[in-house]
Amino acid sequence: MKRAMSNTPEPLPKAYDPSEVETRWYAHWEKNGYFTANPEPSLLPPEHPDYRRPYVIVIPPPNVTGSLHMGHAMYVIEDVLIRWHRMLGDNAMWLPGVDHAGIATQMIVERELKKNENKTRHDLGREQFLERVWKWKHESGGRITQQLRALGFSLDWTRERFTMEPALSKAVTEVFVRLWEEGLLYQSSRLINWCTSCHTALSDLEVDHEEEKGKLWEIAYPLEDGSGEVVVATTRPETLLGDTAVAVHPKDPRYASMHGKRVKLPLAPETRTDSEGRKIPRAIPVVTDAILVDMAFGSGVVKVTPGHDFNDFETGKRHALPLVNVVNLDGTLNENAGAALQGKKVDAARKEVLRLLHEQGLLRGEKDHTLARGRCQRCSAVVEPLLSTQWYVRTKPLAGPAITAVEYGKTKIIPEGWTKTYMHWMTNIQDWCISRQLWWGHQIPAWYAPDGTVFVARDEAAAREQAEKKFGEGVVLRRDEDVLDTWFSSALWPFSTLGWPERTKDMDAFYPGAVLETGFDILFFWVARMMMMGLHFTGEVPFRHVFLHAMVRDEKGQKMSKTRGNVIDPLDVVNGAPVERLPKEQQKQHPEGWRPQGADSLRITLASMAAQGRDVKLSIDRVEGYKAFINKVWNAARFALMRVTPGPVKSIDEVRADMSPADRWILSRLQQVAAEVNVALAEYRLDEATGGIYHFLWDEFCDWYIEMSKPALMEEGQSPAKRACEATLVHVLDTSLRLLHPFCPFVTEEIWQKLPLARRESPTVMKAAYPRGETAWHDEQAESSVGAVMELCSAVRRLRADVALPPAKKVPVRVAGSAGARTDALRFEDALKRLGAIESIEQHDALSPEKTKQCAVMVTTRFQVALPLEGLLDVAAEKTRLQKEIDKALKEKGSIEGRVNHEGFRARAPKDVIEKDEARVKEIAERVERLKETLSRLG
RNA sequence: GGGCGCAUAACUCAGCGGUAGAGUACCACCUUCACACGGUGGGAGUCGUAGGUUCAAAUCCUGCUGCGCCCACCA
């Protein structure tokens, strides 16, 4: 047997093992500074030869609290874009960082404190508690960045930022002060969303509304003059003590006689005081209000509780009603509720109120009712509307430019459908409550004089200066204790991370960013606010594109959450996981646990599922499929490395004249795929990009090119054709690995480093040029030749399978068809024989009757193929098979003909469509003729 | 109450006006010298439903049904 001259020992193991490769390469890349961007080339004028176009992505900062979840694994989209642009030669910079995540982090540290020391943050005091948070941050904050490394993300770690670091805190202060000076910041006392568990105000966005089953109770309020009663309907009887009126519709005839009268408030204590401390009588007025009251709902009478309901708050203002607060900040009732209820939690108080009302015969009814109850996004506790003084950003003036920018396409949102949502929210934007009654966060830079006068300044000294101008020396200042909403600092992230407010080189070179890529769930929280702040403080949009990816869900489409127990840690997919670490559902399906899949497999899986619009339903089976693909690529390379003559190959240009049609075909296909991949990436169609590379490598390169090139590669000696084939093989691998690199950085680097390239332009595939597709290699003739080979080969294989020939049994075949097609196909006679287990190939211009005697026959577009079976042929089965072929072809012909013969079609369809259909009909007709001929000969 | 999205092969999804596709799963055969994480061949869908527009509809329009999401203060 001819042993190929491959004298290299096996250069690669038989199966790809990601774990060792991945850690090795990441460390190497990072150590060599391949992730680090230099601003200088982007500061040059664009016409300068050394100028490099900046391409910047600022990472959506994960929370310091967090460990990695699947949502973070979607950063792979950003890494693909960054690696692609880096290879295109752009000055690519991907900035990492983490967010202090006010409420979330504080909650975690408080929970730990409670668990370990049974203390609250108040036991420690603010200063000591914050020390604990920092300590916690230092201990566990690095974990997530390590996890990001494990996924291969090419982040510029030299630029890592944290929202609470001094430079970024300075930016926060600067923005706060400027907004204040511009009149875009104010304090106001109004109803706010109060989380009774986190003990802080929340913005509207941080309140989730969930439909819940509840009751609607009807309560009688006796008229003060004893002339009867009114019955109100309410879902919140416990706030009854906060009522300062009942309202009816002005046109409701049922209550016309009651206008201007007063009702006695049941259960009310002798003394209730309003928010100003004034005493409120037990009798409250009946007011008429067409806005609040819907005559058709309930009894048509509404109790008005300005202190605990947003609608009633507005109603109270319209009627100058006093405001009585009955709920404390901790969710218990206060003295206004009377001795019987004071100190009780809201839910307990509700039961008690109902009991008391029932006792007094005032409870008139109870109905089932669904209502939307606000709950804290972080802790799910019930949110109470409470009166409180908070800081607000005046958002309308900021929203204007953010709307215009998207309208004029300065920033484009992808998928486009989200633009409408963005516009709608921006247009109806409410002022933003930014103060939080927490400790962990940026403390508000505002100081109060003893009389309450507020001074906003960059630091205490500046505040003091202002204060002393007004109050003279020695005035005592007290700093506002509140901190800012986490999203306030996040809104500045695209420029605070680059050094703003200083004028830095990074700011000049790298702002604005190219694309902001994130989940659509934070479109309002974050994207919208970055748009507002970015435009306001830098005069430019913070990014040109917003690419919103779908949510990662489990394979059943459910949101991943701790309570559902279906959270998947990406590293469990990468490294494998024992069964006990898996979500419950997965435990049943994978009793042995998960096998390691490698970061590349997970990356390409997510990239190919990140198609726009839909949710990403991740299943481990899918990842397995891509792992097989990576292994396939690995083995294709392994084959090449074992078979190619040692030493660098020639460049494909040098050997072009000696190439076979197969070489020219695969190069033609390669350049086309490269071009398509670039288009797909530019359109954020990562699924199309991966699909193109996948099918090229597997279906064309591995299944056909490698097989067709084997005879040439096995040849003894050094023929020009063999050299051309080797050059092509290595070139295609080189180019495909580059194409694949942004998706699968590890395996591509590992293989690429071992390729005997004609020329190695870069020490790492990371920085090798990304293939764009060179049309010079387009070769239609070669594509058609190879098409003939494939067609003939498939025909033989199908024939063999149809007559159930043992795969190893070699047979002679007879082929008829045009001379050209036969020449094209037979040029690869060796490969053909091997792939079809063919003993010999006999050529004919046409198959005469005796040449198909005792043969199984297949008719294709270009060929007629006969397989002599001497006595083995099952005539009946063969007849059935041929008849089936004919029926199938006729069915197709019929459907096309039906269309073609329709007069309207001829009159109106485009010419090329008509021609194509007619050609197809003719082709099928010819095929059917030959099939029928063959069939009739069988008798 | 508004707005958006989705219903295509057993599963997960692509296609979005001109002959129904992929991956996985499935069936049969094959340990052939890159790869059994493999090869070859195969079966599998009246493209949710009812209408409309068009020469032509999975693709455009309308109604309906079923899911999902977002926004909104109905007691």
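For the structure, check the block above.
Because the structure is predicted, anything quoted here is derived from the model rather than measured. Positions within a chain are numbered from 1, following the residues in the order the chain's sequence is written. Chains carry letters and ligands carry numbers; both start at the beginning, A for chains and 1 for ligands, and go up in the order they are written. With pLDDT at 70 or above as the cut-off, local features in this predicted model cover only qualifying residues; side-chain atom pairs require 80 or more to be listed or tallied, and sums for whole chains, interfaces and linings still use all residues. Only hydrogens and water are set aside; all other atoms, that is, all heavy atoms of the structure, feed into the side-chain values.

## A look at the overall build of chain A
Counting secondary structure elements, chain A contains 31 helices and 31 strands. Just to be clear, the radius of gyration here is over C-alpha atoms, and the globule rule we use is 2.2 Å times residues to the power 0.38. Relative to the compact-globule value of 30 Å for 939 residues, chain A shows a C-alpha radius of gyration of 37 Å, a clear excess of over 25%. For the exposure calls, accessible area comes from a 1.4 Å probe over protein chains only, and a residue counts as buried if that area is under 20% of its type's maximum, exposed if over 50%, partly exposed in between. Within chain A, buried positions represent 55% of all 939 residues. When the accessible surface of chain A is totalled, it reaches about 41,500 Å², and 50% of it is carbon and sulfur. If you average the places of the 127 positive and of the 132 negative side-chain charges in chain A, the two averages end up 3 Å apart. Starting at the N terminus, helices and strands are each numbered in turn, a helix being any DSSP run of H or I of at least four residues and a strand any DSSP run of E of at least two. All accessible-area figures derive from a Shrake-Rupley calculation using a 1.4 Å probe, and residue coverage is judged against the displayed protein chains alone. Charged residues are defined here as Lys and Arg on the positive side and Asp and Glu on the negative side; His and the ends of the chain fall outside this count. Taken as the charge location is NZ of Lys, CZ of Arg, CG of Asp or CD of Glu.

## Description of the sheet that holds strand 8 (residues 229-234)
Whether two strands pair comes down to DSSP finding at least two bridges between them. A sheet is described by the order of its strands in space; here three strands give the open sequence 8-7-15, paired in antiparallel fashion. In the strand order of this sheet, the two ends are held by strand 8 and strand 15 (363-376), each with one partner. When the angles between neighbouring strand axes are averaged without regard to direction, this sheet yields 20°. Taken together, the six bridges between strand 7 (residues 207-222) and strand 8 define a ladder with antiparallel strand orientation. Bridge assignment links tyrosine 221 to a residue of strand 8, and that residue is valine 230. Contact definition: two residues touch when any of their heavy atoms are within 4.5 Å. Fitted lines through C-alpha atoms serve as axes, helices being fitted only where they are in contact, and the angles separating the N-to-C directions of these axes extend from 0 to 180 degrees. Strands in contact with helix 10 (residues 346-359) are strand 7 and strand 15; relative to strand 15, the strand with the most contacts, it is inclined by about 170°.

## Focus on the pattern of salt bridges
Oppositely charged side chains can form a pair if their charged atoms are brought close together. Within this document, salt bridges are pairs made up of a side-chain nitrogen of Lys or Arg and a carboxyl oxygen of Asp or Glu, the two lying within 4 Å of each other. Enumeration according to the criterion identifies 67 salt bridges in this entry. Lysine 261 is paired through a salt bridge with aspartate 225; the nearest N and O atoms lie 3.3 Å apart. Taken together, the positions of lysine 261 in the loop between strand 9 (245-248) and strand 10 (262-264) and aspartate 225 in the loop between strand 7 and strand 8 put the pair 36 residues apart, joining distant regions of the chain. The class for aspartate 225 is partly exposed, based on a relative accessible area of 46%. The closest approach of N and O atoms between arginine 544 and glutamate 540, which form a salt bridge, is 3.9 Å. Classification of arginine 544 as partly exposed rests on a relative accessible area of 38%. The exposure class assigned to glutamate 540 is partly exposed, which follows from its relative accessible area of 32%. In this structure, a network of salt bridges that share partners links the residues Arg798, Asp802, Glu878, Arg881, Glu885 and Arg927.

## Quick look at the packing of helix 20 (residues 599-609) against helix 21 (residues 620-643)
Running from amino to carboxyl end, helix 20 crosses helix 21 at an angle of 115°, the nearest separation of the two axes being 8 Å. Where helix 20 crosses over helix 21, the handedness of that crossing is right-handed. Note on element contacts: helix 21 touches helix 20 through Arg622, Val623, Tyr626, Lys627, Phe629 and Ile630, opposite Asp600, Ser601, Leu602, Ile604, Thr605, Ser608 and Met609. Amino acids are sorted into nonpolar (Ala, Val, Leu, Ile, Met, Phe, Trp, Tyr, Cys and Pro), charged (Asp, Glu, Lys and Arg) and polar (every other residue, Gly among them). Here the contact of helix 20 with helix 21 is built from residues that sort into seven nonpolar, three polar and three charged. Here a crossing is called left-handed whenever its near helix is offset anticlockwise from the far helix by less than a right angle, and right-handed whenever the offset is clockwise.

## Points about the pairing of strand 16 (residues 383-393)
The side chains of a regular strand alternate, residue by residue, between the two faces of the sheet. Along strand 16, nine of the 11 residues are buried, which leaves the element largely enclosed by surrounding structure. By the bridge criterion, 11 bridges tie strand 5 (residues 185-195) to strand 16 in an arrangement that is antiparallel. Residue pairing for strand 16: asparagine 193 is matched across the bridge by proline 385. In this structure, strand 16 lies alongside strand 18 (residues 432-433), joined through two bridges in antiparallel fashion. By the bridge assignment, tyrosine 392 is partnered in strand 18 with cysteine 433.

## Digging into the packing of aromatic side chains
Aromatic ring pairs are described here by two measures, namely the spacing of the ring centres and the angle between the planes. Each Phe, Tyr or Trp ring (for Trp, its six-membered ring) is paired with any other whose centre lies within 6.5 Å, and the angle between the two planes then decides the class: stacked below 30 degrees, edge-to-face above 60, tilted in between. For the coordinates displayed, the defined rule picks out 28 aromatic pairs. Ring geometry for tyrosine 75 against phenylalanine 153: centres 6.2 Å apart, planes inclined by 85°, an arrangement best described as edge-to-face. Placement of the pair is tyrosine 75 in the loop between helix 3 (70-73) and helix 4 (76-88) and phenylalanine 153 in the loop between helix 7 (126-150) and strand 4 (161-162), with a sequence separation of 78 residues. Summarising the burial analysis for this pair, tyrosine 75 and phenylalanine 153 share the class buried. Put simply, the rings of Phe176, Trp180, Trp391, Trp432 and Phe488 touch in pairs and so form one group of aromatic residues. In this arrangement the basic side chain of lysine 137 is found over the ring face of phenylalanine 162, its NZ or CZ atom lying 4.1 Å from the centre. Criterion for a charge above a ring: Arg CZ or Lys NZ at most 6 Å from the ring centre, at most 35 degrees from the ring normal.

## Observations concerning the environment of isoleucine 403
Looking at the secondary structure, you find isoleucine 403 in helix 11 (residues 396-407). It is 54 Å that separates the C-alpha atoms of isoleucine 403 and leucine 356, two residues lying 47 residues apart in sequence. With near-sequence residues (within four places) excluded, isoleucine 403 lies in contact with Tyr422, Met423, Met426 and Thr427.

## Re the sheet that holds strand 13 (residues 283-288)
With mixed pairing, four strands are arranged side by side in an open sheet as 10-13-9-14. Looking at the sheet topology across the chains shown, the edges are occupied by strand 10 and strand 14 (301-304). Strand-to-strand twist across the sheet, computed as the mean angle between neighbouring axes with direction ignored, equals 30°. Of the strand pairs in this sheet, strand 10 and strand 13 are connected by three bridges, and their pairing is antiparallel. The residue of strand 13 that forms the bridge with arginine 262 is proline 285.

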